[in-house]
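Here's the letter readout for the chains.
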Amino acid sequence: MSNKVHLGHTARKRFGQNFLTDQNIINSIVGAISPDNEHIMVEIGPGLGALTEPVADGIEKLTVVELDRDLVERLKSHPTLKHKLVIHQGDALKFDFSQLVQSDKQLKVFGNLPYNISTPLMFHLFEFSQYIKNMHFMLQKEVVLRLSASPGTKAYGRLTVMAQYFCQIMPVLEVPPGSFTPAPKVDSAVVRLVPFKTKPFPCQDVEVLRHLTMTAFNMRRKTLRNNLKQIISDADFELLGIDSTRRPEQISVEEYVALANLLCNKK
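Residues numbered from 1 in each chain as written. Predicted model: local features only at pLDDT ≥ 70, side-chain atom pairs only at ≥ 80, totals over all residues. Heavy atoms only, no water.

### Overview of the overall build of the chain
Scanning the chain from N- to C-terminus turns up ten helices and nine strands. Relative to a compact globule of 267 residues, whose C-alpha radius of gyration would be 18 Å, the chain shows 20 Å and is just as compact. Principal-axis analysis of the C-alpha atoms places the extent of the chain at approximately 65 × 45 × 30 Å. In the chain, which comprises 267 residues, the proportion classed as buried is 48%. Put simply, 67% of the contacts in the chain that link residues at least 6 apart link residues at least 24 apart. Within the structure as shown, the chain displays about 13000 Å² of accessible surface, and the carbon and sulfur contribution to it stands at 51%. Placing the 32 positive and 27 negative side-chain charges of the chain at their respective mean positions leaves the two points 4 Å apart. (Helix = DSSP H or I, 4+ residues; strand = E, 2+ residues; numbered from the N terminus. Rg over C-alpha atoms; globule rule 2.2 N^0.38 Å. Buried < 20%, exposed > 50% of the residue type's maximum accessible area, 1.4 Å probe, protein only. Contact = heavy atoms within 4.5 Å. Areas by Shrake-Rupley, 256 points an atom, 1.4 Å probe, with all protein chains shown as cover. Lys, Arg positive; Asp, Glu negative; His and termini not counted. Charge placed at Lys NZ, Arg CZ, Asp CG, Glu CD.)

### Some points on the pattern of salt bridges
For the structure shown, the criterion picks out ten salt bridges. In this structure, aspartate 91 engages lysine 94 in a salt bridge whose closest nitrogen and oxygen atoms are separated by 3.3 Å. Taking the relative accessible area as the measure of exposure, aspartate 91 reaches 26% and is therefore partly exposed. Owing to a relative accessible area of 71%, lysine 94 belongs among the exposed residues under this scheme. Across the pair lysine 266 and aspartate 236 runs a salt bridge, and its minimum N-O distance is 2.6 Å. With lysine 266 in helix H10 (residues 253-266) and aspartate 236 in helix H9 (residues 234-240), this residue pair connects regions lying 30 residues apart in the sequence. Aspartate 236 gets classed as buried once you look at its relative accessible area, which sits at 9%. (Salt bridge = Lys/Arg side-chain N within 4 Å of Asp/Glu carboxyl O.)

### Quick notes on the packing of aromatic side chains
Per the stated rule, a full pass over the model turns up seven aromatic pairs. Ring centres 6.1 Å apart and planes at 70° place the aromatic pair phenylalanine 123 and phenylalanine 126 in the edge-to-face group. Of this pair, phenylalanine 123 and phenylalanine 126 both sit in helix H4 (residues 115-126), separated by three residues, roughly a single helical turn. In this structure, phenylalanine 123 and phenylalanine 126 share a single accessibility class: buried. (Phe/Tyr/Trp six-rings, centres within 6.5 Å; stacked < 30°, edge-to-face > 60°.)

### Thoughts on the sheet that holds strand S4 (residues 85-89)
Spatially, seven strands are ordered S4-S3-S2-S5-S6-S9-S7 in an open sheet, and the strand pairing comes out mixed. Two strands lie at the open edges of the sheet, namely S4 and strand S7 (167-175), each paired on one side alone. With direction set aside, neighbouring strand axes in the sheet form an average angle of 20°. Where strand S2 (residues 40-44) lies against strand S3 (residues 62-66), three bridges are found, and the strand directions are parallel. (Pairing = 2+ DSSP bridges. Axes fitted to C-alpha atoms, helices over the stretch in contact; angles between N-to-C directions.)

### Thoughts on the UniProt feature "binding site: S-adenosyl-L-methionine" (unreviewed entry) in the chain
When the UniProt feature table is mapped onto this chain numbering, "binding site: S-adenosyl-L-methionine" (unreviewed entry) sits at Asn18, Leu20, Gly45, Glu66, Asp91 and Asn112. You can see glutamate 66 is positioned in strand S3. What glutamate 66 contacts, discounting residues up to four positions off in sequence, is Gly45, Pro46, Gly47, Leu71, Val72, His88, Gln89 and Gly90. Structurally, asparagine 112 can be placed in strand S5 (residues 107-112). Its relative accessible area of 22% is what places asparagine 112 among the partly exposed residues. Not counting residues within four places of it along the chain, the set of residues in contact with asparagine 112 comprises Asn18, Ile44, Met138 and Phe180. (UniProt positions renumbered as here; feature names shortened; annotations may be inferred.)

### Quick notes on helix H1 (residues 23-33)
The complete set of buried residues in H1 reads Ile25, Ile26, Ile29, Val30, Ala32 and Ile33. The buried residues of H1 occupy one face: seen down the axis, they fall within an arc of 160°. Away from its buried face, by an angle of more than 90 degrees, H1 presents the exposed residues Asn24 and Gly31. Immediately beyond the C-terminal end of H1, within one or two residues, lies serine 34, with a positive phi of roughly 55°. (Arc of directions from axis to C-beta.)

### Some words on the side chain of histidine 39
Along the chain, the position of histidine 39 falls in the loop between H1 and S2. Reaching out from histidine 39, the side chain makes a polar contact with the side chain of aspartate 36 at a distance of 2.9 Å. Once residues lying within four places of it in the same chain are set aside, the contact partners of histidine 39 are Lys105, Gln106, Lys108 and Lys133. (Polar contact = N/O pair within 3.5 Å; in protein donor to acceptor, adjacent residues only side chain to side chain.)

### Considerations on the pairing of S2
Consecutive side chains of a regular strand alternate in pointing toward one face of the sheet and then the other. Along S2, five of the five residues are buried, which leaves the element largely enclosed by surrounding structure. Residues of S2 alternate between two faces, with Ile40, Val42 and Ile44 on one and Met41 and Glu43 on the opposite face, all of them buried. Relative to S5, S2 is paired through five bridges, and the arrangement is parallel. Along S5, the bridge assignment pairs isoleucine 44 with glycine 111.

Below is the structure:
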């Protein structure tokens, strides 16, 4: 990666910026993303272009969504990137990703996500999952463990259930702190999310599932029966064959969807 890009830009705490500088790791991530012209390639928060440059190398156009105006200006005048980039300056959390879809081309989305927005951003992207072929994100390792967790483990929670409802999830590689400048205090990892074409357990209303999981995981130490007593009766649990004395992290995605669909039918 050229040194030019680093000139004069100091990582900003408020944007959670840690810049990726390890070339071997960068090559591995680009290999996983597998850039091509058959998809609309979309990078969220290109930062100083550590992934942007090598991804753009082999393709005709790269779309980027970047909040930081200084970085947008820098990308617009970047010697090798300026002709390839389609830049949207703004907040990815509010961005309408469906507007990027062209005819039959789906999106491949990737990014090195700041910790503070990673969960809300994934929830936002799930809303556009029918337009997305796959997503590759660099996240705190702890978040990747939560995304890929199994029921009954400590990492399993609301994020797990919602992510696994929409996507198949595969951890790709671990990234040590030394791969970044400045080095973060935590380990990072890259994860691949592939939205299901046909959901294994379809829910009649995802909003109901969202609300249900939020309520269920509100108090992790309590039983499912305790947490959901306002909305699900003992008879309902019995009807579905779900043991309500278990804790929220012991309930599978399939069981949460069954509970949500039961609520939808009650309405």
